[in-house]
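# Examining the three-dimensional arrangement
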Amino acid sequence: MTKLIIPTLLRKFTDYQNTLKTGGKTVKDAINTLTGLFPDLKKHLPEADGTIRSFVRIYVGDDDIK
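Computed from a predicted structure; not experimentally measured.

### Concerning a nonpolar patch on the surface
Together, Val27, Val60 and Ile65 make up an exposed nonpolar region whose accessible area comes to about 220 Å². Here Val27 lies in helix α1 (residues 27–37).

Here it is in structure tokens:
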């Protein structure tokens, strides 16, 4: 299970949920699940080439993996 913490500025796109739990074995799976549940995030998280925008921080435990 993956726990996603939604930044305050993006919570309006997740029905104001601050955390979500998703399945998925990779970060990409988790992001795809998140944008599948909340399609409005698709215009805010990925760049046109599919990479995550620079302002989005991704952590595994305490490690920033961006």
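### A short note on the pattern of salt bridges
Summed over the entire model, instances satisfying the criterion amount to 2 salt bridges. Two residues, Arg57 and Asp64, come together in a salt bridge whose shortest N-O distance is 2.8 Å.

### Observations concerning unusual backbone geometry
Even without a glycine there, the phi angle at Asp15 is positive, about 55°. Note on placement: Asp15 falls in the loop between β1 (2–5) and β2 (19–22). In the Ramachandran plot, Tyr16 falls in the positive-phi region, its phi being about 65° despite a non-glycine side chain. Note on placement: Tyr16 falls in the loop between β1 and β2.

### Overview of the side chain of Thr22
One can find Thr22 in strand β2. In this structure Thr22 comes out as buried when scored by relative accessible area, which is 3%. What Thr22 contacts, discounting residues up to four positions off in sequence, is Met1, Thr2, Leu4, Ala30 and Thr33.

### Considering the pairing of β2
Side-chain direction in a regular strand flips from residue to residue, so the side chains alternate between the two faces of the sheet. Taking every second residue as pointing to the same face, the buried face of β2 carries Leu20 and Thr22, while none of Thr19 and Lys21 on the other face is buried. In this sheet, β2 lies alongside β1 in antiparallel orientation, the contact comprising 4 bridges. Looking across to β2, one finds that Lys3 is bridged to Lys21.

### Thoughts on α1
For the α-helix, the turn length of 3.6 residues means that residues three or four positions removed from each other point alike. Among all positions of α1, only Ala30, Ile31, Leu34 and Thr35 are buried. The arc that holds every buried residue of α1, seen down its axis, measures 125°, which confines them to one face. α1 presents Lys28 and Leu37 as exposed residues on the side facing more than 90 degrees away from its buried surface. Among the structural elements, β1 and β2 are those in contact with the buried residues of α1.

Cut-offs applied
Residues numbered from 1 in each chain as written. Predicted model: local features only at pLDDT ≥ 70, side-chain atom pairs only at ≥ 80, totals over all residues. Heavy atoms only, no water. Patch = residues over 30% accessible without salt bridge, like charges linked within 9 Å, V, L, I, M, F, W, Y side chains within 5 Å. Areas by Shrake-Rupley, 256 points an atom, 1.4 Å probe, with all protein chains shown as cover. Salt bridge = Lys/Arg side-chain N within 4 Å of Asp/Glu carboxyl O. Helix = DSSP H or I, 4+ residues; strand = E, 2+ residues; numbered from the N terminus. Buried < 20%, exposed > 50% of the residue type's maximum accessible area, 1.4 Å probe, protein only. Contact = heavy atoms within 4.5 Å. Pairing = 2+ DSSP bridges. Arc of directions from axis to C-beta.

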